[in-house]
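Given next are the chains, with one letter for each unit.
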Protein chains: 2
Amino acid sequence: MKIICQKNDLLNSVNIVLKAIPSRTTMPILECLIIDAKSGVIKLISNDMELGIETIVKGNILENGIIAINAKVFSEIIRKLPDNEVTIETDSNYKATITCEKANFNISGKASEEFPFLPNIQKDKNITISQFSLKEIIRQTVFSISDNESNKIMTGELFEINEDELKVTSLDGHRISIRNIKLKDNYDNIKVIVPGKTLNEVSKILSGEISDQVNLFFTDKHILFEFDDTVVLSRLIEGEFYKISQMLSNDYETKLTINKKEFLSCIDRATLLIKENEKKPIIINITDNNMELKINSNIGSMNEDIDIKKEGKDILIGFNPRFLIDALKVIDDEEVDIYLFNPKAPCFIKDKEETYIYLILPVNINANIN
Amino acid sequence: MKIICQKNDLLNSVNIVLKAIPSRTTMPILECLIIDAKSGVIKLISNDMELGIETIVKGNILENGIIAINAKVFSEIIRKLPDNEVTIETDSNYKATITCEKANFNISGKASEEFPFLPNIQKDKNITISQFSLKEIIRQTVFSISDNESNKIMTGELFEINEDELKVTSLDGHRISIRNIKLKDNYDNIKVIVPGKTLNEVSKILSGEISDQVNLFFTDKHILFEFDDTVVLSRLIEGEFYKISQMLSNDYETKLTINKKEFLSCIDRATLLIKENEKKPIIINITDNNMELKINSNIGSMNEDIDIKKEGKDILIGFNPRFLIDALKVIDDEEVDIYLFNPKAPCFIKDKEETYIYLILPVNINANIN
């Protein structure tokens, strides 16, 4: 094999396939990326058995071929080369020579035969959205998946397509995050659970531009993201997602409207009095047009008032401050509406059109009130 | 005590005194900073028993007083307050109330009596230089101190003042770094060893502006840095510094001139083939107007040619690449001169006026040449 690429094109593509290189594995071949220049295009391929990525690099093929090469070493070499043409040449013993200007690297590659190439999947069910929207949806929900592998379903997000609506749901037992968006076309009904890890990695590769599109294809076992010169294939999580519709009540006894930035800064200040792993709730006391936040810890105490608009009853309620911060951080609105029922019922942070819904369970504060 | 300061003034001063708060200590009082508002100015004070810092904060004193307060907690509270006036009030039980806009923090302070306040030192021997110069000198030498506490002398830098010359020297057994600068006035002879840790911390506080001055005062046991509204007092390291004059030979068999950036990038590329803790030398082969760099490791091999200007003999010599990188990084010149004698003698990287001299011992490469 002999190929020539521009350093920056090559580096961009290497950075994409690195997302599916496992940090630890018992199969050494998975630490390799494949450079495939067999059939007219230069393709880089990686696969950690959950997630597989293929991406095309611009460049010239002087001699067809394919090789497996340690991804970490290869990416570091490419990163440090001068900004110029890079030539990669391999011989029959899988020795790879990488040349750029006067720099010459020799490293050992491997045969590609053992590598688990990506399966061909049937491309019939699909939707198209902008890379911007997909990236936003992921950012606004993925924080509330669970990282506890013993409950696999909670480590993923539910993607539901119903005609021209996409609903994405994640939950971890203490909170639920939902994003609803309108699609441009009507599609068949789809309901799949996508691994959170896949969404995190895909979101890093997406351009985030409104004008760039991404196609999502679905099968029983897989989701495939197709965008720019890249294809990302991921296994789905099998099983039935939690039924949450009965938790999404529209009843409330108290509704308040608050400046998001003020609320967030205030909670942020309060949390500095809590050591990591310490479970101290923040106590919120809502009276007419005033919210008082209080926290008490071994380090000290803090209280602060914030102006709010309020409808309905006064209420005293406690929350894990982390959960409030996570939700408020991803909301782009300047003012948010919060709906409360009683001190033992979840609160809802949502907009009028329900493009986003954040449900957060309260903490029992009877023990914490002085 | 009751004082009012602007949040940003207070935060800047707290960040300065934080540099002398020990990360671990058996004396809890050292984790505190002192707010001293006894005598007309507001002073923050910290002391880790090696290094002590005093700095003055702008602000109004409404009630005189002094308190010791946990530095880490205090600094985090101040950092997260809104950009506005901060009021700090203490009562007779050392309870401190920190108020800013609608936020209220209560934390417990301590009596200041146990705190080791900075001693008054005699201010007769001193020099004045710009903060820019001092910061540069530290950056350009402090990387080659030793972090091995069993040889205390090597953890410091020799400061020598001789009439209108300041010479700063650091060494770690494998290399020596020297910076010479001209002072504006003539001073008495001074020769002291300043702890590297002190220099690192002082350098973080210095503004780095040419127009800002710093006064250095010397006693037998202490060095004192006085600049802006801040005083830093440090113990000196006691003992005799190494005699290095006989190592600083001006003889050479080979002199070469090389583009610094090219040389540095090339070594940087080569080192990616070396795992941490692996001791692989970089091999440099100098022939007429060409330098070839080679490295061989378990990961692979690399070689690269660089154009040079050469006087004298050809030479093949090996170095620890880290030592070359450290020295080249802090040199501001575009081209550097390197002087070599033989493969077992140190190399010198220095400018004509010897404002900087970097001596680096070579590595025996007989075992490493293929």
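Residues numbered from 1 in each chain as written. Chains lettered and ligands numbered in written order. Predicted model: local features only at pLDDT ≥ 70, side-chain atom pairs only at ≥ 80, totals over all residues. Heavy atoms only, no water.

Student: Where do I start with the pairing of strand S18 (residues 290–296) of chain A in this structure?
Tutor: In regular strands, side chains alternate between the two faces of the sheet. All names here are of chain A. Of all seven residues making up S18, five are buried, and the element is well covered by its neighbours. Pairing of strand S17 (residues 282–287) with S18 involves five bridges; the strand directions are antiparallel. Bridging from a neighbouring strand, Asn-285 pairs with Glu-292 of S18. The hairpin turn running from S17 into S18, its antiparallel successor, is two residues long, and Asn-289 in that turn takes a positive phi close to 55°. (Buried < 20%, exposed > 50% of the residue type's maximum accessible area, 1.4 Å probe, protein only. Helix = DSSP H or I, 4+ residues; strand = E, 2+ residues; numbered from the N terminus. Pairing = 2+ DSSP bridges.)

Student: Sorry if this is basic, but what is going on with the sheet that holds strand S10 (residues 125–130) of chain A here?
Tutor: All names here are of chain A. Read across the open sheet, the eight strands follow the order S6-S2-S3-S4-S15-S14-S13-S10; overall the sheet is antiparallel. Each edge of the sheet is formed by a strand with only one pairing partner; in this case those strands are strand S6 (65–70) and S10. Sheet twist, expressed as the mean angle between neighbouring strand axes with direction ignored, is 15°. Where strand S4 (residues 51–57) and strand S15 (residues 230–235) come together, five bridges link them in antiparallel fashion. If you follow Leu-51 over to S15, its bridge partner there is Ser-234. Against the sheet, helix H2 (residues 71–80) contacts strand S2 (32–37) and S6, and its axis sits at roughly 95° relative to S6. (Axes fitted to C-alpha atoms, helices over the stretch in contact; angles between N-to-C directions. Contact = heavy atoms within 4.5 Å.)

Student: What exactly am I supposed to notice about unusual backbone geometry here?
Tutor: Peptide bonds are, in most cases, trans, and in most cases residues other than glycine have a negative phi. Here Glu354(A), not a glycine, exhibits a phi torsion of approximately 55°, which is positive. The phi torsion at Asp228(B) lies on the positive side, around 45°, for a residue other than glycine. Counting through the fold element by element, Asp228(B) comes out in the loop between strand S14 (222–227) and strand S15 (230–235).

Student: Looking at this structure, I do not really get the environment of Asp83(A). What am I missing?
Tutor: Residues and elements named next belong to chain A. Within the secondary structure, Asp-83 sits in the loop between H2 and strand S7 (85–90). Judged by relative accessible area, Asp-83 falls into the exposed class, the value being 58%. Sequence-distant contacts of Asp-83, that is, excluding residues within four places in its chain, are made with Lys-7 and Asn-8.

Student: What is the right way to look at the UniProt feature "domain: DNA polymerase III beta sliding clamp central" (unreviewed entry) in chain A in this model?
Tutor: Residues annotated in UniProt with the feature "domain: DNA polymerase III beta sliding clamp central" (unreviewed entry) correspond here to residues 129–241 of chain A. Here residues 129–241 of chain A runs as 17% helix and 50% strand, with 24 Å between its end C-alpha atoms. (UniProt positions renumbered as here; feature names shortened; annotations may be inferred.)

Student: Whenever I open this one, the side chain of Arg269(A) confuses me. Can you help?
Tutor: Residue position: Arg269(A) is located in helix H5 (residues 260–271). Looking at Arg269(A), the relative accessible area reads 5%, which means it is buried. One polar contact links the side chain of Arg269(A) to the main-chain carbonyl oxygen of Lys80(B), over a distance of 3.0 Å. Other than its neighbours up to four places away in sequence, Arg269(A) contacts Met302(A), Glu304(A), Lys80(B), Leu81(B), Pro82(B), Ala103(B) and Phe105(B). (Polar contact = N/O pair within 3.5 Å; in protein donor to acceptor, adjacent residues only side chain to side chain.)

Student: Could you clarify how one ought to interpret the sheet that holds strand S23 (residues 347–350) of chain A in this entry?
Tutor: Within a beta sheet, neighbouring strands are joined by backbone hydrogen bonds and run either parallel or antiparallel to one another. All names here are of chain A. Taken together, seven strands build an open sheet; the order of strands is S11-S12-S24-S23-S22-S16-S20 and the sheet is antiparallel. One side of each edge strand has no neighbouring strand; the edge strands of this open sheet are strand S11 (156–171) and strand S20 (309–312). Averaged over all adjacent pairs, the angle separating strand axes in this sheet is 20°, with direction ignored. Across four bridges, S23 lies against strand S24 (residues 356–360) in antiparallel orientation.

Student: Help me understand the domain arrangement of chain A, please; the structure alone is not making it clear to me.
Tutor: Interface size, as often reported, equals the accessible area lost upon joining of the parts. Residues and elements named next belong to chain A. Domain annotation of chain A identifies domain 1 (2–108), domain 2 (125–245) and domain 3 (249–360). Contacts between the two partners involve 11 residues from domain 2 and, on the opposite side, 13 residues from domain 3. Interface area for domain 2 against domain 3, summed over the two sides, is near 1,100 Å², with a carbon-plus-sulfur share of 50%. One can count two salt bridges joining domain 2 with domain 3. Between Asp-332 and Arg-139 there is a salt bridge, with the nearest N and O atoms lying 3.3 Å from each other. With six residues, the top contributor of residues to the side of domain 2 that touches domain 3 is strand S12 (residues 175–195). Residue composition of the side of domain 2 that touches domain 3, grouped by class: three nonpolar, four polar and four charged. (Domains from an automatic or database assignment. Buried area = accessible area lost by both parts, 1.4 Å probe. Salt bridge = Lys/Arg side-chain N within 4 Å of Asp/Glu carboxyl O. Nonpolar A, V, L, I, M, F, W, Y, C, P; charged D, E, K, R; others polar.)

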